[in-house]
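Residue-level structure breakdown
So the chains spell out like this:
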Amino acid sequence: MDLRPPHSAPARWLAALGAVAAAAAAAVLALALSQPSLGLELGMADTAGAPPLIPQRHQGGSVMAVLAGLGTADGLRMELRSDDLAPEPDTTFPAYVDYNRFLQRQGEIAALLQAPEVTLYGTQGSLQTLAPAPRRLDQLPWQFWLQLIVSVAGLVVGGLVWIFRQQDQASRYFALTGVGLYLSAGSAAVYSTRELALASELFRALHMANGLGTMLFCGAFAAVLLHYPTRLTRLSLGPLLVSVYLLLSLASAAQLFDGFDTALRVPVLLGFLATLGLAAWQWARVRQDLVLRAAFQWFLFAWFVGSGLFLMLVFVPALMGRDTGSAQAPSFALFLLIYLGVAFGIARYRLFDLGLWWFRAWVTVISVGSLVALDLALIAVLHVDRALALTVSLLVIGTLYLPLHAWLWRRLTGNEQKRDPIAVMQDMVLSAHRGPAEAWSDTLRGLFQPLQMERLSPSPPQHRLADDGLTLELPADRLLPALRLRYADHGRRLFSPHDVQTVRTLQMLCGRIFAYGEATRLGMEQERQRIARDMHDSLGGRLLTLLHLAPETLQPQIREALDDMRLTVNCLSSGGASLGEALGQWRAEVDERCDSAQVQLRWQQPEQGPGLDLQLEPETLLHLQRLLRELVSNALRHAKPTVLQVRFMLSGGALSFSVENDGCRLPPSGWKSGVGLKSIRYRVETLGGQVSCQEPLPGSVRQTCILPLMPEPVEPGTSGPSAAPADMVDLPKQALGSPS
């Protein structure tokens, strides 16, 4: 799915959003710096109505002196009160009458600060005379910066969500919450961190903007829950909710109520309760949907923790008559928690279905913001030259950006243990003897760790995500079947567009590798058929001619050579056979040889079992048949047996067979290695097995081979993976098998 806004490039929208955010931050900063300052650090007295306090430095340290009033050279003078410093007037003066009186005093104090010089008066007379000057960056307190960051973060996160989901109603309302948070926190950043006073009309306008932003935030967030993650009703209640709260804000500004409790705090609390109800309704809708439930769960956590704590710390105590103005600025950090939570949820659970585009845009915004913030800090705090500050900022941010970006991506998407696709492909190629379909399925399990994997019919036309990322569908390609994967990383994450790109490339490469392997196999098969025909037509005919012309003393050796040739030709031309079919052919051959030697044959083999259906490759079939022939030949040639017992068993994923005979004149410990023994060991080790020999009774010998059902070829001279039974001894190389 293309998540970019239609008819516009994301880069253009991001650039516009960056410009708006920068202008918004600059407007708040410029307004705060334009106010006259005396360079004071004032504190509120413990007693209500008492004058504020000002630190006075002395030789032995500093003490807090009472700042009783201000005066100018032309005789204007005004007494000061601690509540003149109230950071949030609607909590200190909840009634409109007291609030208006406070604004009037603010205007009078601000007028005094416009004078060229201002004299500070204490209880004992004049303290000092200062010249007001515009505020500097280093004079802005941390509360200002915190509220500025929160306001811009809300604007940016809301704007990013809207940019990538312009057609979605929930994203529009979420963007409105960002605008509301900017108005609320940005205006509060200016008036709540003022040094002493603001012009009354400016203060009133900023406070109205704060109330408007609060109401807009509350109404818009309730509208978000009407549409996210599902639309709860067909009625257009979102615009109605936002309009009601905007009207309440205008009514508060016009002072149509008796105070801020009725006009502001009660509607906000009611809105919070409404969001609780809407959240419960949405939860009932999505509780059975893994994707929506995971995203909505994190969304609710961020929203209710942030807004709930803010209400408990600021609004509820204010309704109970407590002045919580000093707690408001730090409490704005809780709204930052809300938007950081939404950001985390988008990255991990794809809230609003934004995915990788959103993450990259947000990392870019953070990086640019960090660069600007560090640059300003170096200039304002350390008074570093601007050029040097920019150089240092670029160096620091550039050094931290790449590792931090990679770490965040791994943490947010849950891909810490995701395997490298190239390593996975190498494993698949090395294990291709299992067959392309099985090797491809194991590769996908190792790469994505899905909870479910099944074949698809019919094949989808292309690689695609389904069920909002729960499912990844793969089309058939040459030797690879169409598959459906569900619940990536054991259900901890969703499939992403990046996964689609990865598996598309991997399937293309692996399909070509398997096609090359299949072509190689077909070429080898054709070459085997050609060799088998040449041997049958040329060598077979000559051996038959020689058999008819040779004396009787040489005819047995010629017949044995002819049998070997037939065995080789049959194995090359048959293309392999099942173990059950091979056992039937081997029994017929051994039975014929025992009849010729007048030896009784006792043949035992399993009549049924999954191993009998195992298809043996021509090379494996040839090794097994020649191995059995060599064991039988040794028994018939080097002993005087009356009974030959051949036993085949399938157990523990292995094939074991033994050849036991009586009439042995020499115990196994006295045997010497010859060509026959070396040939037996070579074939057994080539098939990845073991061979052993024992003397069950005096004068008898049992030779046993244990081979894995799916042998992994190993180099001769190394031990195979299977173990012999406890009662068998793996004889030394120089004492293995019957003498030859």
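Residues numbered from 1 in each chain as written. Predicted model: local features only at pLDDT ≥ 70, side-chain atom pairs only at ≥ 80, totals over all residues. Heavy atoms only, no water.

This paragraph deals with the pairing of strand β16 (residues 643-651). Pairing geometry for strand β14 (residues 600-604) and β16, over five bridges, is parallel. Within the sheet, the bridge partner assigned to Arg602 lies in β16 and is Gln645. Pairing of β16 with strand β17 (residues 654-661), which is carried by eight bridges, proceeds in the antiparallel orientation. Its bridge partner being in β17, Arg647 is matched across the sheet by Ser658. Here β16 folds back onto β17 in antiparallel fashion, the turn holding two residues, of which Gly652 has a positive phi close to 60°. (Pairing = 2+ DSSP bridges. Helix = DSSP H or I, 4+ residues; strand = E, 2+ residues; numbered from the N terminus.)

Once that is clear, we can look at the pattern of salt bridges. Across all of its chains, the model carries 15 salt bridges by this definition. With its nearest N and O atoms 4.0 Å apart, the salt bridge here joins Arg77 to Glu79. Measuring nitrogen to oxygen at the nearest pair gives 2.8 Å for the salt bridge that ties Asp84 to Arg105. Within this pair, whereas Asp84 is found in the loop between β5 (77-79) and α2 (89-92), its partner Arg105 is found in helix α3 (residues 96-112), the two being separated by 21 residues in sequence. Under the relative-accessibility criterion, Asp84 is labelled buried at 1%. Judged by relative accessible area, which is 19%, Arg105 ranks as buried. Three or more residues are tied together by salt bridges with common partners; here these are Glu454, Arg464, Glu473 and Arg484. (Salt bridge = Lys/Arg side-chain N within 4 Å of Asp/Glu carboxyl O. Buried < 20%, exposed > 50% of the residue type's maximum accessible area, 1.4 Å probe, protein only.)

Okay, the packing of aromatic side chains next. Tallying each qualifying case throughout the model produces 17 aromatic pairs. Both rings, one in Phe144 and one in Trp145, keep their centres 5.3 Å apart while their planes meet at 80°; by these two values the pair is edge-to-face. Its relative accessible area of 0% is what places Phe144 among the buried residues. By the ring-pair criterion, three or more aromatic residues cluster together here, those being Phe174, Phe217, Phe221, Phe310, Phe332 and Phe335. Note that Arg77 overlies the ring of Tyr121, its terminal NZ or CZ placed 3.8 Å from the centroid. (Phe/Tyr/Trp six-rings, centres within 6.5 Å; stacked < 30°, edge-to-face > 60°. Lys NZ or Arg CZ within 6 Å of the ring centre and 35° of its normal.)

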